[in-house]
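# Per-entry structural report
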Amino acid sequence: VTDKLMMRREVSFAAHAYATGKWTTDKTGGTDFVVWSDYGASTPDRDVDTYKDTVEALVGVEPNSFVVGKQTHLQLKNHPTLVDRIKYTQRAQLTPDLIASLLDLERYSIGRSIYTTSVEGTAEASVTYTRIWGKHGLLLYVPAAPSLLTPAAGYTFMQQVVPGANQYIKRMRDEEK
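What you see is a predicted model; the values in this text were computed from it and never measured. (Residues numbered from 1 in each chain as written. Predicted model: local features only at pLDDT ≥ 70, side-chain atom pairs only at ≥ 80, totals over all residues. Heavy atoms only, no water.)

### Topic: the overall build of the chain
Stated formally: Secondary structure elements are taken from DSSP: a helix is a run of H or I of four residues or more, a strand is a run of E of two residues or more, and numbering for both begins at the N terminus. Atoms counted for the radius of gyration: C-alpha only. Globule rule: 2.2 Å times residue count to the power 0.38. We get accessible surface area from the Shrake-Rupley algorithm with a probe of 1.4 Å; when it comes to residues, only the shown protein chains can shield them. Only four residue types enter the tally: Lys and Arg on the positive side, Asp and Glu on the negative side, with His and both chain ends excluded. Working definition for charges: the position is that of NZ of Lys, CZ of Arg, CG of Asp or CD of Glu.
The number of helices and strands found in the chain is 5 helices and 5 strands. In the chain, the order of α-helices and β-strands from amino to carboxyl end is α-α-β-α-α-α-β-β-β-β. Against the compact-globule benchmark of 16 Å for 177 residues, the chain has a radius of gyration of 20 Å, which places it well outside the compact range. Projected onto its principal axes, the C-alpha positions of the chain cover 70 × 50 × 35 Å. A total accessible area of about 12,600 Å² is found for the chain, and carbon and sulfur atoms account for 51% of it. Separation of charge centres in the chain, based on 20 positive and 20 negative side chains, amounts to 5 Å.

Following this line, the structure appears as structure tokens:
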């Protein structure tokens, strides 16, 4: 049950976060910038710097976090522009921490979750799986601690039933059954 609740929350967040027009600064690969899978012409590090500056000009703080889908991460970790920046200083293998450092970010998160969109009871060979995070990226400012006076990309308000817990699940027993 807990896994299903967390999955529902993740699907909801990704759907709302990547909705067109939500942030007023939507950028589309192929239209607003060269898609990062075009290794010869794209410059993801410069694109991220440009969009970080755009966000800072709008809200007053520079994004410190980047949330990407796994497919976007694969393009970044293998991108020659980023690999060239480290190839003579260490192993030419871009880890998430190293990508965060290269892009001057505190956090770099990869959305890897997959869920099924098929109706329950569908034959296993016909089940359809979908990546929650898709081929997207989202630059965010996430403060170290929540505050009413600190801007942030989003807060989740939750009632704390048990001190220190984010969720409360009650177990019960039905004596009649």
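Here the narrative resumes.
### A few points about the sheet that holds strand 1 (residues 65–69)
To keep it simple, the criterion reads: Here the rule is simple: two strands pair whenever DSSP picks up at least two bridges between them. Angular values range over 0 to 180 degrees, each being the angle between N-to-C directions of two axes fitted as lines to C-alpha atoms, with helices fitted over their stretch in contact.
Spatially, 2-1-5 is the arrangement adopted by the 3 strands of the open sheet, whose pairing is mixed. Edge strands, defined here as strands with exactly one partner in the open sheet, are strand 2 (107–111) and strand 5 (137–140). Within this sheet the neighbouring strands show an average axis-to-axis angle of 15°, counted without direction. Here strand 1 pairs with strand 5 via 4 bridges, running antiparallel. Note that in strand 5 the partner of Phe66 across the bridge is Leu139.

### Remarks on the packing of aromatic side chains
Applied cut-off: Any two of the Phe, Tyr and Trp rings considered here, Trp counted by its six-membered ring, make a pair once their centres fall within 6.5 Å; the pair's planes then place it as stacked at under 30 degrees, edge-to-face at over 60, or tilted in between. When a residue's accessible area, from a 1.4 Å probe over protein chains only, is under 20% of the maximum for its type it is buried; when over 50% it is exposed; and in between it is partly exposed.
Counted under the stated rule, the structure contains 6 aromatic pairs. Consider the rings of Phe13 and Trp133, whose centres lie 5.9 Å apart with planes at 50°: the pair is tilted. Linking Phe13 in helix 1 (residues 2–17) with Trp133 in the loop between strand 4 (129–131) and strand 5, this pair joins segments that are 120 residues apart in sequence. Using a relative accessible area of 7% as the deciding quantity, one classes Trp133 as buried. Cluster of aromatic residues (ring-pair linked, three or more members): Phe33, Trp36, Tyr51, Phe66 and Tyr108.

### Notes on the nonpolar core
Where we set the bar: Side-chain atoms within 4.5 Å link the members of a nonpolar core, which is a set of buried Ala, Val, Leu, Ile, Met, Phe, Trp, Tyr and Cys residues. Residue contacts follow a heavy-atom distance rule, with two residues in contact if any of their heavy atoms lie within 4.5 Å.
Formed by 20 residues in total, the largest nonpolar core has its most connected members in Phe66, Leu76, Leu94, Leu103 and Tyr108. Elements supplying a minimum of two residues to this core: helix 2 (44–59), strand 1, helix 4 (80–86), helix 5 (96–102) and strand 2. For this core, the leading source of residues is helix 5, giving 4 residues. Excluding anything up to four places from it in sequence, Leu94 contacts Leu76, Lys77, Leu82, Val83, Ile86, Ile99 and Leu102. Counting residues in each nonpolar core, the second largest holds 8 residues, with Ala14, Tyr18, Trp133 and Leu140 among its members.

The quantities given are spatial measurements derived from coordinates; they are silent on function.
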